[in-house]
Amino acid sequence: MSKDKLVIFDTTLRDGEQSPGASMTKEEKIRIATMLEKMRVDVIEAGFAIASPGDFEAVKAVAETVKDSRICSLSRANRKDIERAGEALKNANASRIHTFIATSPIHMKHKLRMEPDAVVERAVDAVRYARNFTDDVEFSCEDASRTEFDFMCRVIEQAIKAGATTINIPDTVGYGEPGEYGRVIGDLIRNIPNADKAIFSVHCHNDLGLAVANSLSAVMNGARQVECTINGLGERAGNCSLEEVVMAVRTRHDLFPVETTIQTEHIVPASRLVSSITGFPVQPNKAIVGANAFAHEAGIHQDGVLKHRETYEIMRAQDVGWGDNRLVLGKHSGRAAFKARLDALAISTDDADELNALFDRFKVLADKKHEVFDEDLQALVSDAQETDESGYQLESIESSSATGRKPTASITLLQDGSELSAESEGDGPVDAAFKAIESVVHSGAELKLYSVNAITKGTDSQGEVTVRLERDGVIVNGQGADTDIIVASVKAYLDAVNTLNAGLLRAHPQKDGV
Ligand code: KIV
Ligand code: ZN
């Protein structure tokens, strides 16, 4: 039976980035986008161009770097947003403008304060205007799952007439239920006279843990694009997870009338990359990409798997990239092996100086650690990109802790070539180090989260630390990695402080209407 193509639209860099603390720099977005391209994601939503100058630059840079995936920018349904999106995308090989407006009674009345007729008019104008910049325009009815059916049919029919080529039906608040949501998608496709002129898409949030189920139900009912994110990252409880949808469709090809072109062996490396850049760990029991997803603990399972893998495994671990990423480098590895591994991880290293600097860092790490794994390389590159020359940098730290004595830390930071030193006591060595830093930087921020993850196995593993700080309602994450977790913690704290001080304020697409 021939299958329809299911378009995979990844919004890790846009909706994923809307998770508090998941802001990404331009360089980080390029790294993730390059990985998504390698995975053969069809459409990459790279950001919301009008949100801030930084967002604009990031969308532009992704559009200029990625050649094989279509690059999309979000825009509200107004001409200024659309112009900014069009400008950011103008050098893309293939571009899309994604414009949206809320259509549910509650959003139209309380958020937009607009009458339904005005909303239809605004949607039509936005789509028509966006067509001046690209012939690929997506229109979304925000809060579709709480929108009246007849009104939604009316808006969509007009949006398609105005030139929308993809129609997205978001479950913005994660309210949908698989049976009902799937029925709505099918009914829309059957009832809208020009529905055959557009691809129907779904975008589900995970507030009730149903994002993947709702998306798959929509696919069964005619949706041919799924919007999703790596690791299910996204606003609140997140979005539909790319890896789960892709592997469900592939594993149950006997049921689904669609197929994707995703190169699934890049799934685990992509998951690791997103986790290391955002500092959002992946829970061990997460489907597909969790550390335990293919671990068989129970003796009876192990016995079965050893005798015949399919007794307990419905997918092959290597098909999603487990095991393939374990090539080990050590202190005797040369530059060519190092570069080859970076290339395999979709880390671009065309700049010779940058490659040399990374190679030097690798040699230092390889001296401390016998085996350097892919995860170590990801952390190494993140660490190098986080070194903000104009911000605070760690020069040295000495910390002491002993049973029965109060832990202390003495720290020296560098800023604009000046050395700044302080010492402090604390409840533990990390607390002492953070207090010492604060007595120099005076960030006034509140520590919201501190987490340490061992990047690989073994006691010589690097610790990867995430620090989340909040000041005046702005939340940022910082990351640091080192074989010494006190040093990793200090790097993470400084990274967060530097990000806060850079004042990366951005508008939120869904908070201030059109
Ligand atoms: O959740 C949502 O409704 C969105 C839209 C902007 C598509 O993210
Ligand atoms: Zn969303």
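For clarity, every value in this text was computed on a predicted model and none was experimentally measured.

**A look at the side chain of Glu438**
Piece 1. Tracing the sequence through the fold places Glu438 in helix H15 (residues 429-441).
Piece 2. The charged side chain of Glu438 is buried without a salt bridge, its nearest counter-charge being Arg471 at 7.5 Å.
Piece 3. A polar side-chain atom of Glu438 sits 2.6 Å from a polar atom in the side chain of Ser443.
Piece 4. Those residues in contact with Glu438 that lie beyond four places of it in its chain are Ser443, Gly444 and Tyr493.

**Observations regarding the site of ligand 1**
Piece 1. The environment of ligand 1 is made up of Arg14, Asp15, His98, Phe100, Ser140, Glu142, Asn168, Pro170, Thr172, His203, His205 and Gln510.
Piece 2. In the model, an oxygen atom of ligand 1 is placed 2.6 Å from a nitrogen or oxygen of the Thr172 side chain.
Piece 3. Within the side chain of Gln510, an N or O atom sits 3.3 Å from an oxygen atom of ligand 1.
Piece 4. When atoms are counted within 2 Å of each cavity's grid points, the one that captures over half of ligand 1 is the largest cavity.
Piece 5. Among the elements of the structure, strand S5 (95-102), strand S6 (137-142) and strand S7 (166-171) are those that each provide at least two residues to the shell around ligand 1.
Piece 6. Within the shell around ligand 1, the residues separate by chemical class into two nonpolar, seven polar and three charged.

**So, the packing of helix H6 (residues 149-162) against helix H7 (residues 178-191)**
Piece 1. The contact between H6 and H7 brings their axes to 10 Å, and the two run at 50°. Regarding the angle of H6 to H7, the classification is oblique. Both H6 and H7 take part in a crossing whose hand is right-handed. Contacts between H6 and H7 involve Phe149, Met152, Cys153 and Ile156 from the former and Val184, Asp187, Leu188 and Asn191 from the latter.
Piece 2. Here the contact of H6 with H7 is built from residues that sort into six nonpolar, one polar and one charged.

**A look at unusual backbone geometry**
Piece 1. A positive phi angle, near 70°, is found at Arg40, a position not held by glycine.
Piece 2. In this fold, Arg40 is placed in the loop between helix H1 (26-38) and strand S3 (43-47).

**Brief notes about the environment of His308**
Piece 1. Inspection of the secondary structure puts His308 in the loop between helix H11 (299-307) and helix H12 (335-344).
Piece 2. Residue His308 is classed as partly exposed on the basis of its relative accessible area of 47%.
Piece 3. Note: C-alpha distance between His308 and Ala195 (113 residues apart in sequence) is 47 Å.

**Looking at the domain arrangement of the protein chain**
Piece 1. We note that the domain assignment places domain 1 (4-278) and domain 2 (393-502) within the protein chain.
Piece 2. A straight line from the C-alpha centre of domain 1 to that of domain 2 covers 37 Å.
Piece 3. On the side of domain 2, six residues touch domain 1, which itself brings six residues to the contact.
Piece 4. Both sides together, the interface formed by domain 1 and domain 2 hides about 430 Å², and carbon and sulfur atoms give 38% of it.
Piece 5. In terms of surface lost to domain 2, no three residues of domain 1 exceed Pro20, Gly21 and Ser276, which account for 71% of the buried area on that side.
Piece 6. Inspection of the region where domain 1 meets domain 2 yields zero salt bridges.
Piece 7. Linking domain 1 with domain 2 are three residue pairs in polar contact (both at pLDDT 80 or more).
Piece 8. Residues that form the side of domain 1 that touches domain 2 fall into these classes: three nonpolar, three polar and no charged.

**Things to note about the coordination of the zinc ion (ligand 2)**
Piece 1. Protein coordination of the zinc ion (ligand 2) is provided by Asp15 (OD), His203 (NE2) and His205 (NE2), with donor distances spanning 2.0 to 2.2 Å.
Piece 2. Along the chain, the residues donating to the zinc ion (ligand 2) are arranged with the sequence spacing D-x187-H-x1-H. Like His203, the residue His205 is buried in the burial classification.

**A closer look at the pairing of strand S8 (residues 199-204)**
Piece 1. For S8, the tally of buried residues reaches five of six residues, placing the bulk of the element in the interior.
Piece 2. As judged from the six bridges shared by S7 and S8, these two strands associate in the parallel manner. Across the sheet, the residue bridging to Asn168 is Ser201, located in S8.
Piece 3. As a crossover connection, the stretch from S7 through H7 into S8 is right-handed.
Piece 4. As defined by bridge partners, S8 adjoins strand S9 (residues 225-228) across three bridges and the pair is classed as parallel. In the strand pairing of S9, Val202 is matched with Val226.

**Observations regarding the UniProt feature "domain: Pyruvate carboxyltransferase" (unreviewed entry) in the protein chain**
Piece 1. The UniProt record marks residues 6-268 with the feature "domain: Pyruvate carboxyltransferase" (unreviewed entry), using the residue numbering of this structure.
Piece 2. Structurally, residues 6-268 comprises 41% helix and 18% strand, and the distance from its first C-alpha atom to its last is 21 Å.

**With respect to the environment of Glu177**
Piece 1. Among the secondary structure elements, Glu177 is positioned in the loop between S7 and H7.
Piece 2. Once residues within four sequence positions are removed from consideration, Glu177 is found in contact with Leu210 and Asn214.
Piece 3. Only 3.1 Å separates the side chain of Glu177 from the backbone nitrogen of Gly179, close enough to count as a polar contact.

**Observations concerning empty space enclosed by the protein**
Piece 1. Per the stated rule, a full pass over the model turns up four cavities of 30 Å³ or more.
Piece 2. Its boundaries defined by the atoms lining it, the largest cavity holds a volume of some 110 Å³.
Piece 3. Surrounding the largest cavity, 14 residues form its lining, Arg14, Phe100, Pro170, His203 and Gln510 being those nearest its centre.
Piece 4. Counting residues per element, the ones that place at least two in the lining of the largest cavity are S5, S6 and S7.
Piece 5. Across the lining of the largest cavity, the residue classes tally to three nonpolar, seven polar and four charged.

How each quantity is defined
- Residues numbered from 1 in each chain as written.
- Chains lettered and ligands numbered in written order.
- Predicted model: local features only at pLDDT ≥ 70, side-chain atom pairs only at ≥ 80, totals over all residues.
- Heavy atoms only, no water.
- Helix = DSSP H or I, 4+ residues; strand = E, 2+ residues; numbered from the N terminus.
- Buried < 20%, exposed > 50% of the residue type's maximum accessible area, 1.4 Å probe, protein only.
- Lys, Arg positive; Asp, Glu negative; His and termini not counted.
- Salt bridge = Lys/Arg side-chain N within 4 Å of Asp/Glu carboxyl O.
- Polar contact = N/O pair within 3.5 Å; in protein donor to acceptor, adjacent residues only side chain to side chain.
- Contact = heavy atoms within 4.5 Å.
- Near = heavy atom within 4 Å.
- 1 Å grid on protein atoms, 1.4 Å probe; cavity = no way out; pocket = protein on both sides within 12 Å on 5 of 7 lines; lining within 4 Å.
- Sits in = over half its atoms within 2 Å of the grid points.
- Nonpolar A, V, L, I, M, F, W, Y, C, P; charged D, E, K, R; others polar.
- Axes fitted to C-alpha atoms, helices over the stretch in contact; angles between N-to-C directions.
- Parallel < 35°, antiparallel > 145°, perpendicular 65-115°, else oblique.
- Left-handed = near helix turned anticlockwise from the far one by under 90°.
- Domains from an automatic or database assignment.
- Buried area = accessible area lost by both parts, 1.4 Å probe.
- Donors = N, O, S within 2.8 Å, 3.2 Å for Na, K, Ca; no water.
- Pairing = 2+ DSSP bridges.
- Right-handed = clockwise from strand over helix to strand, strands pointing away.
- UniProt positions renumbered as here; feature names shortened; annotations may be inferred.
- Points joined across faces, edges and corners; volume = space filled by probe spheres on them.

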